[in-house]
Amino acid sequence: MYAQMVKTEADRVKTLAEMDECERVFQERVDRGVKIEPKDWMPDGYRKTLIRQISQHAHSEIVGQLPEGNWISRAPTLQRKVILLAKVQDEAGHGLYLYGAAETLGVSRDELTAQLLSGRAKYSSIFNYPTLSWADMGAIGWLVDGAAIMNQVPLQRCSYGPYARAMIKVCKEESFHQRQGFDIMMSLCRGSAAQKAMAQDALDRWWAPSLMMFGPPDEHSVHSAQSKAWKIKINGNDELRHKFVDQTVPQAKLLGLEIPDPDLRWNEARGSYDIGQIDWEEFFQVVGGNGPCNRERLAARNKAHEDGAWFRDGLMAHADKTKARQQSQGEAA
Amino acid sequence: MEGAGAANPQSINHREPSDREIFNLALVMGDNCLILGQQISQWAGHAPILEEDIAQANIALDLIGQAQYWLGLAGEIEGLKSEAAPASNVKGRSAGPRSADDLAFLREPHEFRNFRLAEIPNGDYAHTLMRQFLFDNWHFHMLQILSQTPCMPVRDIAGKALKEVTYHLQRSSDLVIGLGDGSDESHQRMQGALDHFWPYTCELCDPRWGVDLELWGLGDSAALNLKANWDAYLARVMIKATLVIPERAPLVAGLRPGTHTEHLGYILADMQLLQRAHPGASW
């Protein structure tokens with residue numbers, strides 16, 4: 001999940017009877033499955049929550065370039081290099097059209113960027129973990145993109161038109177990324193003992209953080225209930241986490257890798273895997289800025305922005321000069 | 001495009017280039033694309049604005065894709081005839097013709113044929129853009145000539161690459177003009193970058209680098225055209241960019257194929273890490 005624990009401003013979900021006229025018409029449209037478009041009336045809370053959710057997703061794509069960008073120069077073949085570069089480029093592209101979707105709600109990309117750079121805005125906890133080996137490129141594609149897809153596929157049906165449409169495009173590319181990640185893992189697992197060990201080590205490090213991507217259990221969260229009522233969140237966190245585990249465990253078996261969870265068991269009654277306790281303390285530390293790479297990630301984004309100020313200013317100055325020249329030519333003529 | 005000049009090759013067919021000549025040309029083209037693509041791919045996630053992250057990744061993708069074609073051709077030619085460069089006996093490489101990957105990941109620095117210009121570090125964004133422009137200006141005019149050679153495998157790759165590089169040159173020219181004729185700071189940075197790279201531009205059109213265009217069935221004037229077109233296009237862009245072409249002499253000393261800076265060893269150590277650490281592994 002690229003958006004985690006998005007707050008909604010709600011202290012409880014209102015019933016239709018408690019809503020005013022505008023709210024009721026809005027909610028009934030959402031309930032009927034009619035898409036909300038930028039010019040439609042919407043409750044303030046809906047607008048603010050969507051801005052938080054979409055921008056958190058966009059920021060995650062932007063910061064998400066960094067851990068994988070770390071291995072572009074060391075990709076082991078030209079084909080792998082090209083695929084990884086294309087993937088990182090896709091992430092920047094996702095960021096671009098998600099910021100575009102957020103802008104339809106009346107917030108500028110500059111404002112959102114400032115929130116990210118100052119540390120006020122959140123992005124997915126997963127990108128605060130380091131990429132230590134080539135196998136991490138496989139594990140990220142397989143697990144991280146796999147987990148993201150779990151959440152993003154249902155969001156293609158979310159109530160806000162521009163977000164739903166952005167998700168359709170994102171999902172197509174994410175599923176390609178996931179297949180590529182699995183393909184890297186497959187090559188490593190069919191390779192030498194050293195390569196297979198590299199793959200197992202990557203799974204060992206990325207498994208728990210991938211499960212944390214879905215966020216803590218939220219069956220009692222009022223924010224999740226409100227977001228579900230607005231159809232900008234479709235499934236519960238645990239529901240998606242279990243779906244992800246059930247999908248991934250057989251894939252790990254196919255690879256010949258061991259899931260690093262001694263408590264992982266098939267639960268016949270539920271028809272799903274039971275998993276061990278997740279270390280939510282670690283999750284809250286990472287979300288709170290104390291993850292292994294939080295400082296590095298934010299520092300890298302700030303450096304890019306600050307070092308690039310002259311570039312952006314220079315092109316603006318050129319645009320102004322060109323415009324002034326055109327005006328004076330127009331006047332002379 | 002800033003009116004980039006068309007090549008005007010005379011159709012005097014000297015002779016078919018030898019396998020070794022095709023091999024050498026493919027290395028010059030492929031190694032330049034590979035090393036420059038490798039360098040600019042480092043901007044992904046670190047560029048001044050999101051659109052530039054995307055653009056740099058795009059150009060890196062084009063260049064590495066072209067490197068795959070050129071190095072693939074080099075390996076193919078080498079495999080056909082023993083007259084081409086002898087296969088080096090590298091541990092971990094399977095027998096048979098060298099693949100593009102073998103050539104990229106298992107050669108030593110002295111075997112690379114890229115210009116020194118391509119291996120100078122990225123520096124700040126002004127350096128990266130100026131290096132790109134100087135290279136694109138050569139790349140475009142070189143491909144224009146090669147896309148008319150009677151040597152079919154070379155002509156095919158050059159024709160495909162030319163479409164991409166036409167855009168690269170358009171983009172880098174626009175940015176050099178925009179930033180040269182932008183703010184005081186952007187102007188100074190771009191002038192500094194031009195001064196920095198100028199000494200390395202001597203290699204770009206010099207037949208001593210290992211590609212003698214006279215041999216390519218393109219007529220005696222091809223090499224002259226390359227240099228003339230490079231100079232003319234550079235002058236047009238620099239006037240618009242309000243930048244001054246340095247008078248400083250280029251670095252001609254030691255000019256021969258395989259001349260490199262100390263940077264190349266580090267670029268290759270990084271790029272070749274996994275292939276060197278796991279000989280013979282597939283990825």
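The preceding data block contains the structure.
To start, this report covers the structure provided alongside it. (Residues numbered from 1 in each chain as written. Chains lettered and ligands numbered in written order. Predicted model: local features only at pLDDT ≥ 70, side-chain atom pairs only at ≥ 80, totals over all residues. Heavy atoms only, no water.)

## A look at the side chain of Glu 68 of chain A
Next up, step 1: If you trace the backbone, Glu 68 of chain A turns up in helix H2 (residues 44-69).
Next up, step 2: Beyond its immediate stretch of four places on either side in the chain, Glu 68 of chain A contacts Leu 84, Lys 87, Val 88, Glu 91, Met 137 and Ile 140 of chain A. (Helix = DSSP H or I, 4+ residues; strand = E, 2+ residues; numbered from the N terminus. Contact = heavy atoms within 4.5 Å.)

## Here's the deal with the nonpolar core
Next up, step 1: Judged by nonpolar contacts, the single largest core of 181 residues is most densely connected at Trp 134 of chain A together with Trp 70, Met 130, Phe 133, Trp 138 and Leu 213 of chain B.
Next up, step 2: For this core, the element with the most residues is helix H2 (residues 50-80) of chain B, which contributes 14 residues.
Next up, step 3: Filtering out sequence-adjacent residues up to four positions away, Met 130 of chain B remains in contact with Val 176, Met 190, Ala 193, Leu 194, Phe 197, Met 238 and Leu 243 of chain B. (Core = buried A, V, L, I, M, F, W, Y, C linked by side-chain atoms within 4.5 Å. Buried < 20%, exposed > 50% of the residue type's maximum accessible area, 1.4 Å probe, protein only.)

## Observations concerning helix H9 (residues 263-271) of chain B
Next up, step 1: Burial in H9 of chain B covers these residues: Leu 264, Ile 267, Leu 268 and Met 271 of chain B. Seen along its axis, H9 of chain B keeps its buried residues to an arc of 95°; they face one direction. Away from its buried face, by an angle of more than 90 degrees, H9 of chain B presents the exposed residues Tyr 266 and Ala 269 of chain B.
Next up, step 2: Elements in contact with the buried residues of H9 of chain B: helix H3 (78-103) of chain A together with helix H1 (19-40), helix H3 (100-105), helix H4 (116-119) and helix H10 (273-277) of chain B. (Arc of directions from axis to C-beta.)

## Some details on unusual backbone geometry
Next up, step 1: Phi angles above zero are rare outside glycine, and Lys 231 of chain A is one such case at about 55°.
Next up, step 2: Of note, the phi angle at Thr 242 of chain B is positive, near 55°, even though the residue is not glycine.
Next up, step 3: Turning to its location among the elements, Thr 242 of chain B is positioned in the loop between helix H8 (221-241) and H9.

## A few points about the interface of chain A and chain B
Note on interface size: it is often stated as the accessible area lost on association of the parts.
Next up, step 1: Between chain A and chain B, the residue contacts involve 44 residues of the former and 48 residues of the latter.
Next up, step 2: Interface of chain A and chain B: buried area, both sides summed, is about 3,900 Å²; carbon and sulfur atoms make up 66% of it.
Next up, step 3: Considering only the side of chain A, the residues that lose the most area to chain B are Leu 78, Trp 310 and Phe 311 of chain A, jointly responsible for 21% of the buried surface there.
Next up, step 4: Here chain A and chain B share three salt bridges between them.
Next up, step 5: Here chain A is connected to chain B by 18 residue pairs in polar contact (both at pLDDT 80 or more). (Buried area = accessible area lost by both parts, 1.4 Å probe. Salt bridge = Lys/Arg side-chain N within 4 Å of Asp/Glu carboxyl O. Polar contact = N/O pair within 3.5 Å; in protein donor to acceptor, adjacent residues only side chain to side chain.)

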